[in-house]
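The residues making up each chain are set out below.
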Amino acid sequence: MLIFESQRDARGETRKLLLAFALTVLLLVLLVNAALALAWGLTWGFWMPGELSLPRHFIAVNTMVVLLFVLGGWWVETSRLASGGGQRLAEQLGARPAQPSGHFDEQRFANIVDEMAVSSGLRRPKAMVMARDAGINAFAAGWSADDSVVTVTQGALDHLTRDELQGLVAHEFSHIVEGDTRLNMRLIGMVFGLEMLYRMGQHMAQPGTHDRRMAAALLGFALMGAGWLGWLAGHALQAAVSRQREYLADARAVQWTRNRDGLGGVLRKVLSQRSQGLVSRRIGSHVQHMLLISDHEDPVADWLDSHPTLEQRIRRIYGRAMGPLPLAKETPEAPQPPVNPRDADGPGWTLV
C-alpha cells in the first residue's frame, strides 16, 4: 500500500467533491428559477392569456428563498448535531461509556484509545461501546477533538485480536485528526438543507382552495422536481466524499500502526461474518457514512454507497493484485482478567 500517495489522492478528491457541492447549490438555484418560470408561464397562459410577464424581482426572490432554505437548513441541522457533542450522538445510537474496571475487553479497548491519543497528539476521546451489537463495527463522532468519542460494537470486542482492534481504533482516530467528524456533520446539514427545498414544494402541492389549486400545484411540483434533483446530487456527492475519507482513514491506520494486517484483518473478518449472514445492527441512513462498515449497501446504484466495498478496501490496503480474498478465521484472545489493570493490554503495539 502506497500510504502517502493514497492519502494525497484522497485529500485531492475530497477538495474536488466539496467544490462540486458548491456548484450543485448554484445549479440548483438556476434549476429552481427555470422550473418556476416554466410553471409561472403555464399558469399565466391558462388564467390570463396574452403576453407573458414575470413578476418584479421574480428571479431575485426565488434565489433568496432557495438559499434561505438550503443554507438555513444546513445551519439548523449542523447546530443541532453540534449542540450535544459526540457523546450525545453516540448515546442516541445506543452506545454507553466503556467500563474498563469490570470488563477485560473494554479495558483493552480503553488502553488502545489511550495509546493512540499519545501517538497522535490528540486529547483523549471518550471510549464508548454499543453493547447490543454483535457485528463488527465502529464510528467516531464529535464537532471537534475536545468533544469527540470513539465507539466500537460488542462484536468488535469479542471477535478482534489486539492488533486488529488497534487498527480499527487507528482508523477512527484518523477521522478525528483529519476533521472528518466535523465534515460529516456539515455534509449531513447540507443534504438536509437540499431536502428542505423538496419539502417546501411538497407542501405547496397539497390540495388547497379551488382558486389557487392549479397555480400552487404547478409551482409546488416544479419545486419538488428541482429539490429532488438537488437532494439526489447532494446525496451522491456526500457518498463520494465519504468513500474518499474511508480510503484516507484506512491509509492513516496502516501508517500509524505499521501493520496492514491489523485493519486488513478487521475487514476480512467482517467479510467472513457477512458470508455467514451476521451483520451489524442497522442504524439510521443519515449516519451511515460515519461507520467503519456500512450496515447496508444502496440497492439503487453503487455511486450512492457511503463506503467502498470491502473487497476494494482490502485490495488497496495490501496494494497488490489478489485472487479470491481469503476469509479470516476467528482468533479472539482469551478474556482472562489481568492481575494489574496497567498490564491488561499485554505485549503488542509499541509507541512511535
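What counts and how
Residues numbered from 1 in each chain as written. Predicted model: local features only at pLDDT ≥ 70, side-chain atom pairs only at ≥ 80, totals over all residues. Heavy atoms only, no water. Helix = DSSP H or I, 4+ residues; strand = E, 2+ residues; numbered from the N terminus. Buried < 20%, exposed > 50% of the residue type's maximum accessible area, 1.4 Å probe, protein only. Contact = heavy atoms within 4.5 Å. Areas by Shrake-Rupley, 256 points an atom, 1.4 Å probe, with all protein chains shown as cover. Patch = residues over 30% accessible without salt bridge, like charges linked within 9 Å, V, L, I, M, F, W, Y side chains within 5 Å. Salt bridge = Lys/Arg side-chain N within 4 Å of Asp/Glu carboxyl O. Axes fitted to C-alpha atoms, helices over the stretch in contact; angles between N-to-C directions. Parallel < 35°, antiparallel > 145°, perpendicular 65-115°, else oblique. Left-handed = near helix turned anticlockwise from the far one by under 90°. Nonpolar A, V, L, I, M, F, W, Y, C, P; charged D, E, K, R; others polar. Core = buried A, V, L, I, M, F, W, Y, C linked by side-chain atoms within 4.5 Å. Phe/Tyr/Trp six-rings, centres within 6.5 Å; stacked < 30°, edge-to-face > 60°. Lys NZ or Arg CZ within 6 Å of the ring centre and 35° of its normal. Expected span 1.5 Å × (residues − 1). Pairing = 2+ DSSP bridges. pLDDT = per-residue confidence, 0-100.

J.: Help me get a handle on the overall build of the protein chain, residues and values and all.
T.: A tally of regular secondary structure across the protein chain gives nine helices and four strands. Taken across its 352 residues, the protein chain has 49% of its residues classed as buried. Looking at the protein chain alone, contacts between residues at least 24 apart form 76% of all its contacts between residues at least 6 apart. For the protein chain, the exposed area adds up to about 17000 Å²; of that, 60% sits on carbon and sulfur atoms.

J.: How would you summarise a nonpolar patch on the surface if you had to cite specific residues and measurements?
T.: A grouping of Leu19, Leu23, Leu26, Leu27 and Leu30 is seen on the molecular surface, where their side chains present a nonpolar patch of about 520 Å² in accessible area. The residue Leu27 is located in helix H1 (residues 3-47) in this model. Since its relative accessible area comes to 56%, Leu27 is described here as exposed.

J.: Go over the packing of helix H8 (residues 260-275) against helix H9 (residues 310-318), please, and point to the residues and values.
T.: Direction vectors running N to C along H8 and H9 enclose 155°, while the axes themselves pass 10 Å from each other. By the angle between their directions, the pair H8 and H9 is classed as roughly antiparallel. Taken as a pair, H8 and H9 cross one another with a handedness that is left-handed. Between H8 and H9, the residues in contact are Arg260, Asp261, Leu263, Gly264, Gly265, Leu267, Arg268, Val270, Leu271 and Arg274 and Leu310, Glu311, Arg313, Ile314, Ile317 and Tyr318, respectively. Each residue belonging to the contact of H8 with H9 can be placed in one class, and the counts come to eight nonpolar, two polar and six charged.

J.: Could you give me a rundown of the nonpolar core, with the residues and numbers involved?
T.: Across soluble globular proteins, nonpolar side chains show a tendency to be buried alongside one another. Phe109, Leu168, Val169 and Phe173 are the most contacted members of the largest nonpolar core, which totals 36 residues. It is helix H5 (residues 162-177) that provides the largest number of residues to this core, a total of six residues. Apart from the residues within four sequence positions on either side, Leu168 is in contact with Ile136, Asn137, Ala138, Val152, Ala156, Leu160, Leu263, Val266 and Leu292. Ranked by size, the runner-up nonpolar core spans 25 residues in total, among them Phe21, Leu28, Leu194 and Met200.

J.: A description of the packing of aromatic side chains should follow, citing residues and the corresponding values.
T.: The tally for this structure, following the rule as stated, stands at zero aromatic pairs. In this structure, Arg316 packs its charged tip against the face of Tyr247, placed 3.7 Å from the ring centre.

J.: Help me get a handle on the environment of Leu71, residues and values and all.
T.: For Leu71, the location among the structural elements is in helix H2 (residues 58-92). Assessed through its relative accessible area of 41%, Leu71 is described here as partly exposed. Along the backbone, Leu71 and Phe192 are 121 residues apart, and their C-alpha atoms lie at a distance of 9.5 Å.

J.: Any details on H5? Residues and values, ideally.
T.: With 16 residues, H5 should cover 22 Å at 1.5 Å per step; its first-to-last C-alpha distance of 22 Å lies within 8% of that length. With 14 of 16 residues buried, H5 is to be regarded as a mostly interior element. Downstream of H5 by one or two residues, Gly179 has phi in the positive range, about 75°.

J.: Outline the pairing of strand E4 (residues 149-153), listing residues and values.
T.: Of all five residues in E4, five are buried; the element is thus mostly enclosed. With four bridges connecting them, strand E3 (residues 138-141) and E4 associate as antiparallel partners. Across the sheet, the residue bridging to Ala140 is Val150, located in E4.

J.: Describe the packing of H5 against H8, naming the residues involved and giving the relevant values.
T.: H8 packs onto H5 with a crossing angle of 95° between their chain directions and a minimal axis gap of 7 Å. Considering their axes alone, H5 and H8 lie roughly perpendicular with respect to each other. Counted together, Asp163, Glu164, Gly167, Leu168 and His171 of H5 and Asp261, Gly262, Leu263, Gly265, Val266 and Lys269 of H8 form the full contact between these two elements. Among the residues forming the contact of H5 with H8, the class breakdown is three nonpolar, four polar and four charged.

J.: Run through the pattern of salt bridges, naming residues and quoting values.
T.: Applying the stated criterion across every chain, the model contains ten salt bridges. Put simply, Glu106 and Arg96 hold a salt bridge, and the shortest N to O gap is 2.7 Å. With Glu106 in helix H3 (residues 104-120) and Arg96 in strand E1 (residues 96-97), this residue pair connects regions lying ten residues apart in the sequence. The buried category is assigned to Glu106, whose relative accessible area is 2%. For Arg313, the salt bridge is made with Asp250, and the minimal N-O distance between the two is 3.0 Å. Of the two residues, Arg313 sits in helix H9 while Asp250 sits in helix H7 (residues 210-257), which places them 63 residues apart along the sequence.

J.: Hey, could you go over the sheet that holds E1 for me, with residue numbers and the actual values?
T.: Strand order in the open sheet formed by four strands is E1-E2-E4-E3, and the pairing between neighbours is mixed. This sheet does not close on itself; its edge strands, each paired only once, are E1 and E3. Those strands touched by H3 are E1, strand E2 (126-130) and E4, and its axis lies near 145° from that of E2. Across the sheet, H5 is in contact with E3 and E4; its angle to E3 comes to roughly 25°.

J.: Before we move on, could you go through unusual backbone geometry and cite the residues and values that matter?
T.: Despite not being glycine, Arg258 has its phi angle at roughly 55°, a positive value. Take Arg258: it is sitting in the loop between H7 and H8. A relative accessible area of 61% places Arg258 in the exposed class.

J.: Residue-level account of the confidence of the model for the protein chain, with values.
T.: Residues of the protein chain with pLDDT of at least 70 account for 75%, and the chain-wide mean is 77. In the model of the protein chain, H1 stands out as the element of lowest mean pLDDT, 72, in contrast to E2, which has the highest, 94. Contacts of residues 331-352 to residues separated by more than four positions or lying in other chains number 35 contacts, the stretch itself having pLDDT below 50.

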